[in-house]
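Tertiary structure, described
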Amino acid sequence: MRRLLAALLLAAAPAVAACNNDAPPPPAVPEAAARSTAGGGVEDAEVRPGELPRKPGSLRFAVIGDTGRGDRHQYMTAAKMIEWRQWFDYSFVLMLGDNIYGDSGSKEAYAQRFERPYKPLIDAGVPFYAALGNHDPAGQENYPLFNMNGRRYYAFEKEEGSLRPLFSRKVLFLAIDTVNLTRQQLNWVDRTLEDADADWQIAFYHHPLYTSGRYQFGASKMRAALEPIFVRHKVDVGLSGHEHFYERITPQNGVQYFISGAGGALRLNDIRRSGWTAAGFDTDTHFMLMEIAGDTLYFLAISRKGEIIDWGSVRRNES
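Figured I'd write up the structure that's included with this text. Not measured: the values here are computed from a predicted model.

1. Section: the pattern of salt bridges
For the structure on display, the rule yields 17 salt bridges. Asp295 serves as the salt-bridge partner of Arg169, at 2.5 Å between the closest nitrogen and oxygen. One end of the pair, Arg169, is in strand S5 (residues 169-175); the other, Asp295, is in the loop between strand S11 (286-293) and strand S12 (296-303), and 126 residues separate them in sequence. Judged by its relative accessible area of 18%, Asp295 falls in the buried class. Of the charged contacts, one joins Arg304 and Asp284 as a salt bridge, the two residues approaching to 2.8 Å between their closest N and O atoms. Here the residue Arg304 occupies a position in the loop between S12 and strand S13 (308-315), and Asp284 occupies one in the loop between strand S10 (277-281) and S11, the gap between them amounting to 20 residues. Neither Arg304 nor Asp284 differs from the other in exposure class; each is buried.

2. Remarks on the environment of Thr77
Tracing the sequence through the fold places Thr77 in helix H3 (residues 72-84). If we ignore the near neighbours within four places in the chain, the residues touching Thr77 are Gly263, Thr285, His286, Phe287 and Arg304.

3. A short note on the sheet that holds strand S6 (residues 200-204)
Taking strand neighbours across the sheet as the criterion, the seven strands line up as S4-S5-S6-S7-S9-S8-S10 in an open arrangement whose pairing is mixed. Lying at the two open borders of the sheet, with one neighbouring strand each, are strand S4 (154-160) and S10. Within this sheet the neighbouring strands show an average axis-to-axis angle of 15 degrees, counted without direction. Judged from the five bridges that link them, S5 and S6 form a sheet pairing that is parallel.

4. What to know about the side chain of Glu160
Looking at the element boundaries, Glu160 is found in strand S4. A polar contact is formed between the side chain of Glu160 and the side chain of Ser162, at a distance of 2.3 Å.

5. Brief notes about the side chain of Asn99
Summarising the element assignment, Asn99 is placed in the loop between strand S2 (92-95) and helix H4 (107-115). Asn99 gets classed as buried once you look at its relative accessible area, which sits at 0%. For Asn99, the side chain forms a polar contact with the main-chain nitrogen of Gly97, separated by 3.3 Å. Setting aside residues no more than four positions away along its own chain, Asn99 makes contact with Thr67, Gly68, Arg113, Ala130, Ala131, Asp136, Gln140 and Phe146.

6. Remarks on the pairing of S6
In terms of residue burial, S6 counts as a mostly covered element, since five of its five residues are buried. Alternating residues of S6 divide into Trp200, Ile202 and Phe204 and Gln201 and Ala203, and every residue in both groups is buried. Each parallel crossover has a hand, and the one from S5 via helix H6 (residues 183-195) to S6 is right-handed. Handedness of the crossover is the feature at issue here: the chain leaves S6, passes through helix H7 (residues 216-232), returns alongside strand S7 (residues 237-240), and the resulting connection is right-handed.

7. Digging into the nonpolar core
Among the nonpolar cores identified, the biggest contains 63 residues, and Phe61, Phe173, Phe204, Leu239 and Leu297 are the most heavily contacted of them. One finds Leu172, Leu174, Ile249 and Tyr257 within the second-largest nonpolar core, a separate group that totals 19 residues.

8. Examining the pairing of S2
Side-chain alternation along S2 places Phe92 and Leu94 on one buried face and Val93 and Met95 on a second face that is also buried. Where strand S1 (residues 59-64) meets S2, four bridges bridge the pair, whose relative direction is parallel. Bridge pairing in S2 places Phe61 opposite Phe92. Taken together, S1, H3 and S2 constitute a β-α-β crossover, and its handedness is right-handed. Strand direction decides the pairing type here: S2 and strand S3 (residues 128-130), joined by three bridges, are parallel. In the sheet register, Met95 faces S3, and the bridge partner there is Ala130.

9. Some details on the sheet that holds S12
Spatially, the six strands line up as an open sheet ordered S3-S2-S1-S11-S12-S13, and their pairing is mixed. A strand with exactly one partner marks an edge of an open sheet, and here the two such strands are S3 and S13. Between one strand axis and the next, the sheet turns through 20 degrees on average, direction left out of account. Across the sheet, H3 lies against S1, S2, S11, S12 and S13, angled at about 30 degrees from S11, the strand it touches most.

Definitions and limits used
- Residues numbered from 1 in each chain as written.
- Predicted model: local features only at pLDDT ≥ 70, side-chain atom pairs only at ≥ 80, totals over all residues.
- Heavy atoms only, no water.
- Salt bridge = Lys/Arg side-chain N within 4 Å of Asp/Glu carboxyl O.
- Helix = DSSP H or I, 4+ residues; strand = E, 2+ residues; numbered from the N terminus.
- Buried < 20%, exposed > 50% of the residue type's maximum accessible area, 1.4 Å probe, protein only.
- Contact = heavy atoms within 4.5 Å.
- Pairing = 2+ DSSP bridges.
- Axes fitted to C-alpha atoms, helices over the stretch in contact; angles between N-to-C directions.
- Polar contact = N/O pair within 3.5 Å; in protein donor to acceptor, adjacent residues only side chain to side chain.
- Right-handed = clockwise from strand over helix to strand, strands pointing away.
- Core = buried A, V, L, I, M, F, W, Y, C linked by side-chain atoms within 4.5 Å.

Have a look at this one:
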């Protein structure tokens with residue numbers, strides 16, 4: 001098995017360095033996925049179903065959650081994620097918590113559950129930005145490759161330039177620690193959003209605010225604490241893990257929520273479909289790709305086998 005995993009990663013490594021927009025296109029969107037998401041997002045004549053526009057200057061990133069098992073499913077999902085970068089050259093990755101399962105926090109745990117599966121991306125200089133999960137070992141905020149710089153919650157900005165030379169868009173990313181959501185942190189979230197001079201505001205964290213899975217009670221508590229702040233400051237997108245499946249929530253009070261909690265861990269058939277479920281997938285692991293171009297965010301959710309399980313687009317909230 002170790003030889004098989006090594007071969008997968010070795011085969012993927014050269015492709016990362018050579019990624020460009022001239023690479024072969026990904027597989028066409030499966031008919032079932034196209035049916036399941038029909039009517040979702042925003043229609044765009046330039047983008048075919050199940051694809052991303054890859055507009056010059058756009059901001060491109062990947063999203064993974066609940067990855068840190070260090071097992072076969074994580075490695076295979078990582079290999080597929082690396083393979084897709086040949087076609088979609090994302091420049092960074094957001095991690096939604098439970099990045100390293102276990103309480104030891106040993107050097108070998110970080111190597112087995114992060115450094116080895118994502119080695120081609122790390123070697124290519126792709127940064128990872130992590131939020132903390134409830135199964136993450138103490139002190140993870142000090143691990144340099146997660147770019148937390150000793151902070152359990154933090155913010156950073158990126159720039160989207162598909163509309164240059166006329167103007168560009170600022171994108172604020174807010175990493176929230178939902179494991180220890182103190183009043184001090186809530187005040188920081190409120191103040192950071194209040195002071196932000198950004199066109200897009202994207203929050204990422206571990207515990208969902210809405211879910212059709214088993215953690216609905218916990219989600220209601222997170223919702224009571226965070227949603228008023230999100231709505232007041234017109235946050236555009238909320239990304240969470242914790243539930244070990246994929247779910248796109250029907251937009252709530254102007255915010256588009258996603259659960260992407262099966263980058264390595266999976267709870268088979270664990271979605272209890274509700275009025276919140278716009279799309280869901282709970283039969284395999286997955287990752288997400290996102291692209292911000294002007295006032296639109298495009299997204300794909302892709303399974304371990306490379307199947308497109310959901311796709312669509314989101315318009316930003318006007319200030």
